[in-house]
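Here is what each chain is made of, one letter per residue.
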Amino acid sequence: MAASGLSQLIQDVLGSAYILSTAVNDLMEERLHAVTGEQLTFSQVKLLKLISRTEAYIISQVAAFLGVSTAAASKAVDRLVRRGLLRRSEAEEDRRAVQLALTAEGSRMLAAYDAATAEALEEIFGDFPVENLRQVADLLDHLSVNVLTQNGHEKEVCYRCSIYFREKCLLRSVHGRDCHVYGSSARKRKATSTDGLEPGLS
C-alpha cells in the first residue's frame, strides 16, 4: 500500500477508535446520571470502583490513581465519606495509612450503575458475532502495546485496565511488569486477608 494510502487508513482507524471511545463514555455518563441523578461524577465512580476492587489505599495511592494532587485526592475521599458512600479508618498495620471501604449504600449505588451500563452495552455489542468482537479486542491490544513499546513508555504507563472493563492488565500480561495501581503492598494485604473478597487489580 502506498504511503499516502496507509497514512489515510491509519487516520481512519484512529478516528473510528476515538468515536467509539467517546460514544461509550457518553453512554456511561448518561447511565450514571440515570442511576444516581447528580449525586456522583464519573471521577467519583472510578474511585468507588478502585476501593471495591482493593482493600485499602493511602491517600497518595488514591492521588496517583486519579492523577491528582494528594490534597485533591483527600478532598475527593472526604466528599464520599460525608455522603455515606465510603468508610475511612486507620489501617491496623500502619496507623499513618487510611483504610477505605465502601459502605452498604456505596456498594448498592455502584452495583446499580454497573448493572445499568452492562445492560446498555450488551444491547449494543450483542448484535455482533462474538468472534468478531474478540478479533477487534485482540487487534486493539496489539496496537496499544506497539504504540507504548515504540515510545519506550510501557514500564511507566498504567491504564487502570480492571477498574474500567476487565480483570487483566494488558501491559502486565505482555511485559510482566508490576501493576502500578495494584502494587506489591496491596497484593500483600490481599494475600493475608481472610474476608473472601475477590483479588485486586491484576
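Residues numbered from 1 in each chain as written. Predicted model: local features only at pLDDT ≥ 70, side-chain atom pairs only at ≥ 80, totals over all residues. Heavy atoms only, no water.

**Some points on the overall build of the chain**
Next, step 1: The helix and strand inventory of the chain stands at nine helices and two strands.
Next, step 2: Shown N-terminal to C-terminal, the secondary structure of the chain runs as helices and strands in the order α-α-α-α-β-β-α-α-α-α-α.
Next, step 3: Taken over 202 residues, the chain has a buried fraction of 32%.
Next, step 4: For the chain, restricting intrachain contacts to residue pairs at least 6 apart in sequence, the fraction spanning at least 24 positions comes to 55%.
Next, step 5: When the accessible surface of the chain is totalled, it reaches about 12,400 Å², and 56% of it is carbon and sulfur. (Helix = DSSP H or I, 4+ residues; strand = E, 2+ residues; numbered from the N terminus. Buried < 20%, exposed > 50% of the residue type's maximum accessible area, 1.4 Å probe, protein only. Contact = heavy atoms within 4.5 Å. Areas by Shrake-Rupley, 256 points an atom, 1.4 Å probe, with all protein chains shown as cover.)

**Some remarks on a positive patch on the surface**
Next, step 1: Among the surface-exposed residues, Lys75, Arg79, Arg82 and Arg83 lie close enough to one another that they form a single positively charged patch.
Next, step 2: Mapping Arg83 onto the fold places it in the loop between α4 (70–82) and β1 (86–90). (Patch = residues over 30% accessible without salt bridge, like charges linked within 9 Å, V, L, I, M, F, W, Y side chains within 5 Å. Salt bridge = Lys/Arg side-chain N within 4 Å of Asp/Glu carboxyl O. Lys, Arg positive; Asp, Glu negative; His and termini not counted. Charge placed at Lys NZ, Arg CZ, Asp CG, Glu CD.)

**What to know about a nonpolar patch on the surface**
Next, step 1: On the surface, Leu6, Leu9, Ile10, Val13, Leu14, Val136, Leu139, Leu140 and Leu143 cluster together into a nonpolar patch covering about 750 Å² of accessible area.
Next, step 2: Taken together, the elements giving at least two residues each to the nonpolar patch come down to α1 (3–36) and α6 (130–151).
Next, step 3: With five residues, α1 is the single largest residue contributor to the nonpolar patch.
Next, step 4: A relative accessible area of 36% places Leu143 in the partly exposed class.

**Notes on α4**
Residues that lie three or four places apart on an α-helix share one face, since the helix turns once every 3.6 residues.
Next, step 1: Spanning 13 residues, α4 covers 18 Å between terminal C-alpha atoms, matching the ideal 18 Å at 1.5 Å per step.
Next, step 2: Regarding α4, the residues found buried are Ala73, Ala76, Val77 and Leu80. The buried residues of α4 occupy an angular sector of 95° when projected down its axis, which confines them to one face. Facing away from the buried side of α4 by more than 90 degrees, the exposed set consists of Lys75 and Arg82.
Next, step 3: Gly84 occupies a position one or two residues after α4 and carries a positive phi of about 75°. (Expected span 1.5 Å × (residues − 1). Arc of directions from axis to C-beta.)

**What about the packing of helix α2 (residues 42–53) against helix α5 (residues 104–125)?**
Next, step 1: At a minimum axis distance of 11 Å, the contact between α2 and α5 shows a crossing angle of 110°. One element, α2, and the other, α5, form an angle in the roughly perpendicular class. Where α2 abuts α5, its residues Phe42, Val45, Leu48, Lys49 and Ser52 lie against Leu110, Tyr113 and Asp114.
Next, step 2: Classifying every residue of the contact of α2 with α5 gives five nonpolar, one polar and two charged. (Axes fitted to C-alpha atoms, helices over the stretch in contact; angles between N-to-C directions. Parallel < 35°, antiparallel > 145°, perpendicular 65-115°, else oblique. Nonpolar A, V, L, I, M, F, W, Y, C, P; charged D, E, K, R; others polar.)

**Comments concerning the side chain of Gln44**
Next, step 1: Here Gln44 shows up in helix α2.
Next, step 2: Beyond its immediate sequence surroundings of up to four residues, Gln44 is in contact with Gln39, Arg79, Leu80 and Arg83.

**Considering helix α3 (residues 59–66)**
Next, step 1: Those residues of α3 not exposed but buried are Ile59, Val62, Ala63, Phe65 and Leu66. The buried side chains of α3 occupy one side of the element, clustering within an arc of 160° when seen end-on.
Next, step 2: Of the residues one or two after α3, Gly67 is the one with positive phi, at around 75°.

**Notes on the nonpolar core**
Next, step 1: In terms of nonpolar packing, the biggest core is built from 30 residues, with Leu40, Leu47 and Leu48 touching the most fellow members.
Next, step 2: Mapped onto this core, the elements with two or more residues apiece are α1, α2, α3, α4, β2 (98–102) and α5.
Next, step 3: The residues contacting Leu47, other than those within four sequence positions of it, are Val62, Phe65, Ala76, Val77 and Leu80. (Core = buried A, V, L, I, M, F, W, Y, C linked by side-chain atoms within 4.5 Å.)

**Details of the packing of α2 against α4**
Next, step 1: Their axes nearest at 11 Å, the elements α2 and α4 cross at an angle of 85°. Taken together, the axes of α2 and α4 are roughly perpendicular relative to one another. Across from Gln44, Leu47 and Leu48 in α2, the residues of α4 making contact are Ala76, Val77, Arg79 and Leu80.
Next, step 2: Along the lines of polarity and charge, the residues of the contact of α2 with α4 split into five nonpolar, one polar and one charged.

**Let's talk about the confidence of the model for the chain**
Next, step 1: Put simply, the chain has an average pLDDT of 76, and 67% of its residues get 70 or more.
Next, step 2: Averaged over each element, pLDDT in the chain is lowest for helix α9 (residues 184–192) (40) and highest for α5 (92).
Next, step 3: Scored below 50 in pLDDT, residues 184–202 shows 38 contacts in the model against residues more than four places distant or in partner chains. (pLDDT = per-residue confidence, 0-100.)

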